2 protein chains.
Amino acid sequence: MIVLRDIIGDELRRTRQYQGRTLREVSSAARVSLGYLSEVERGQKEASSELLAAICGALDVPMSTVLKSVGEQAEQAEERQATTQASVVVAA
Amino acid sequence: MIVLRDIIGDELRRTRQYQGRTLREVSSAARVSLGYLSEVERGQKEASSELLAAICGALDVPMSTVLKSVGEQAEQAEERQATTQASVVVAA
């Protein structure tokens, strides 16, 4: 199953690391705890809509940019899943 | 502020209504309560990743399709927000 919080977490972490910023910097700018941001990035916690907006604001990236990238990654994950399932059928 | 759960709720409701299906049918297929699905559609509750996947499954629509549409709608909302803010600046 494709888990949205995993894809969102990966996207947020990738954006932060691309900017060369630390968890501490971004959590402080977003006014969320470092532990919370770290859990969101690792897909261990669902980000509420308000906190996702705050994190996008801290990263200075439009939420739409994050969401469109998340949609594309979900699509790739779905294609990988379909390929795997097709292989299983062929092998069976 | 752009609230993700509002955009997701609108998208899920629009998809369900386009299919001519009732809240009862989709909540039953997704194995979520009718009240929960209704709250998600109205943006009153955050859907967890698992429940969003279940609702997309019940609607027989890939999660990526929902997410990409959500990203586009967030972009339009951001553009409307920017236009409003620009008008305020011009009027000031």
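These remarks concern the structure in this document. Remember, predicted model here, so these are calculated numbers, not experimental data.

This part takes up the overall build of chain A. Of regular secondary structure, chain A possesses five helices and zero strands. Its helices and strands in sequence order give chain A the pattern α-α-α-α-α, from N to C terminus. For 92 residues, the compact-globule estimate of 2.2 N^0.38 gives 12 Å, and the C-alpha radius of gyration of chain A, at 15 Å, exceeds that figure by more than 25%. Each principal axis of the C-alpha distribution contributes one length, and for chain A these read about 50 × 25 × 25 Å. Out of the 92 residues in chain A, the part that is buried amounts to 32%. Summarising the internal contacts of chain A: among those between residues at least 6 apart in sequence, 60% fall at separations of at least 24.

Before going further, it helps to spend a moment on the nonpolar core. The nonpolar side chains of a soluble globular protein tend to be buried, and buried together. Residues Ile55 and Met63 of chain A together with Ile55 and Met63 of chain B are the most contacted members of the largest nonpolar core, which totals 41 residues. In contact with methionine 63 of chain B, not counting residues within four places along its chain, are Ile2, Leu4 and Ala74 of chain A together with Leu52, Ala53 and Cys56 of chain B.

Let us look at the relation of the copies chain B and chain A. Each copy superposes on the other: chain B lies on chain A with an RMSD of 0.0 Å after a rotation of 180 degrees and an axial shift of 0.0 Å. This pairing of chains is accounted for by a two-fold axis. Distance from the rotation axis, computed per C-alpha, reaches its smallest value in chain B at lysine 68 of chain B: 2.7 Å. In this assembly, 100% of the residues forming the interface of chain B have copies in chain A that are likewise at the interface, indicating an isologous arrangement.

Moving on, we get to the interface of chain B and chain A. Residue-level contacts link 20 residues of chain B with 20 residues of chain A. Elements supplying a minimum of two residues to the side of chain B that touches chain A: helix H1 (4-18), helix H4 (49-59) and helix H5 (63-91) of chain B. With nine residues, H5 of chain B is the largest single contributor of residues to the side of chain B that touches chain A.

About the cut-offs
Residues numbered from 1 in each chain as written. Chains lettered and ligands numbered in written order. Predicted model: local features only at pLDDT ≥ 70, side-chain atom pairs only at ≥ 80, totals over all residues. Helix = DSSP H or I, 4+ residues; strand = E, 2+ residues; numbered from the N terminus. Rg over C-alpha atoms; globule rule 2.2 N^0.38 Å. Buried ≥ 20, exposed ≤ 12 C-beta atoms within 10 Å, placed from the backbone. Contact = placed C-beta atoms within 7 Å. Core = buried A, V, L, I, M, F, W, Y, C linked by C-beta atoms within 7 Å. Least-squares fit on C-alpha atoms with pLDDT ≥ 70 in both.

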